[in-house]
Amino acid sequence: MEHFDVIIMGGAIMGSATAYALLQERPALKVLIIERDPTYRRAATPLALGGVRQQFSERVNIRMARQSIETFEHFGELMETRAYGRPEIDFRQGGYLFLVSEEKWATAMENARVQLDEGVELKILSVDELRELLPDVDLTGVAGGTVCPREGLLDPQAVLGGYTAKVAEMGAVYRTDEVTGLKREGDRLVSCGTASGAEFSADYFVNAAGPWCREIMHMCDRDLPVEPLRHDIYVTRIDKQADIGLAYTTLPDTCWWFREHADGDTMLCGKTKLDFELGFDYSPDLPYFADVVWPSLAANSPSLDRVRLLGAWRGCYEFNTVDQNAIIGFDPEIQNLLLINGFSGHGMMQAPAAGRGVAELILHGAYQTLDLSELSAKRFETGALVVEKAII
Ligand SMILES: Cc1cc2nc3c(=O)[nH]c(=O)nc-3n(C[C@H](O)[C@H](O)[C@H](O)COP(=O)(O)OP(=O)(O)OC[C@H]3O[C@@H](n4cnc5c(N)ncnc54)[C@H](O)[C@@H]3O)c2cc1C
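As the structure is a prediction and not an experimental result, all values here were calculated from the model.

A. Looking closely at the site of the ligand. Around the ligand, the structure places 40 residues, and the nearest of them are Gly-10, Ala-12, Gly-210, Gly-315 and Gly-347. Taken together, the elements giving at least two residues each to the shell around the ligand come down to α1 (13-25), β2 (31-35), α2 (44-47), α8 (213-218), β13 (226-237) and β17 (308-320). Counting residues per element, the shell around the ligand draws most heavily on β17, at 4 residues. Taken together, the residues that form the shell around the ligand break down as 23 nonpolar, 11 polar and 6 charged.

B. Quick peek at the domain arrangement of the chain. Once the domains are mapped, the chain shows domain 1 (2-86 + 155-225 + 322-382) and domain 2 (95-153 + 228-317). For the side of domain 1 that touches domain 2, the secondary structure elements donating two or more residues are α2, β3 (51-52) and α3 (59-73). Per element, the largest residue contribution to the side of domain 1 that touches domain 2 is 4 residues, and it comes from α3.

C. Layout of the pairing of strand β11 (residues 188-194). Both strand β10 (residues 179-185) and β11 contribute to a ladder of 6 bridges, which runs antiparallel. Within the sheet, the bridge partner assigned to Leu-182 lies in β11 and is Cys-192. Here β10 hands over to β11 after 2 residues, with Gly-186 in that stretch at a positive phi of 65 degrees. Sheet topology places β11 next to strand β12 (residues 199-207); 3 bridges connect them, and they run antiparallel.

Procedures and definitions
Residues numbered from 1 in each chain as written. Predicted model: local features only at pLDDT ≥ 70, side-chain atom pairs only at ≥ 80, totals over all residues. Near = placed C-beta within 6 Å. Helix = DSSP H or I, 4+ residues; strand = E, 2+ residues; numbered from the N terminus. Nonpolar A, V, L, I, M, F, W, Y, C, P; charged D, E, K, R; others polar. Domains from an automatic or database assignment. Pairing = 2+ DSSP bridges.

In structure tokens:
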């Protein structure tokens, strides 16, 4: 049986970001990444929107996003490979713009104080300033807004491609196969078996299986409160002259939109829907666009009344059903199993920092740069939950 220092189960953004951080610090490490679908057709990563923001209420989320933004800002140089050169991830910084209702203004200002204290380049906007930015949008009931120019949007597929190419060049072994079983002896994992009949042993195992992470846990008699949560994105055509701003804009009712390309006529939009049934399903809900999203857009802006639906896609979040935040660190029961799961819709923007944290635990037994201890799965036993107030 071939032995590795680390086996990573799942090879999308979390698995690859972990492998990158491991090999960056310890190039000789033997790392195996087992990924069952090299096209990543159903993986959350390429189906993500690619929104990157630091506007969270919890310091740990702000810090992870800040560290990750540094990686995204230098992604091309960091991920340059001999084979493919510098990846272009189209990181369009310019802001996430939140329009905040009178009812939520006090909470938004509490969050803003924390963000400013953490060094976030946040701007608080009055209604008059918002009117200048979005002349067509009805601001009735809006108390103000917040925007951060360092935030923005990137191309998730390009980020994934950048990581996988780099990590392969750094020496990680990507194997197309499915993890089907784990051999556990007491409080340690010894080996994993795959659909092709192979078996590999390792010192450490990382569960990076996204919305499928519970299946991995069940293979070693463990569990995690993570379920697939469906999330739909609608692609529309708008009038090219429509004045909808350049930033990713979110209304108080959680309806959001942005221009897909800075000067194009396609707009991506949606509206948070947390009461989707849990479970895998990849057919977007088109009536939801007609019945809920479009009316909300139209009620708020005449330019958005004339959108035409071109298509839609759905992905599944790895949704932490207890406190909707990442679960990172050693499994509380199995000493050599690391978790990097449950990001609940904000994993893309946290992946570089999360992968680095997991790598630090493996290499040093403790966090070295950002302390992510509060995100450990132990919190489900102790009750010290991490509740994020700025979830969209
Ligand atoms: C529609 C949508 C929009 C989103 N928008 C944003 C956004 O704007 N900003 C943001 O920050 N985040 C966003 N997210 C969240 C983000 O995409 C995820 O948090 C992140 O991609 C999770 O990465 P992952 O590697 O854990 O999971 P995945 O990308 O799902 O990868 C898991 C991988 O594990 C593999 N796997 C599973 N089981 C096995 C097994 N037994 N053996 C081998 N391989 C296995 C799968 O094939 C898959 O490739 C969005 C998610 C969705 C679905």
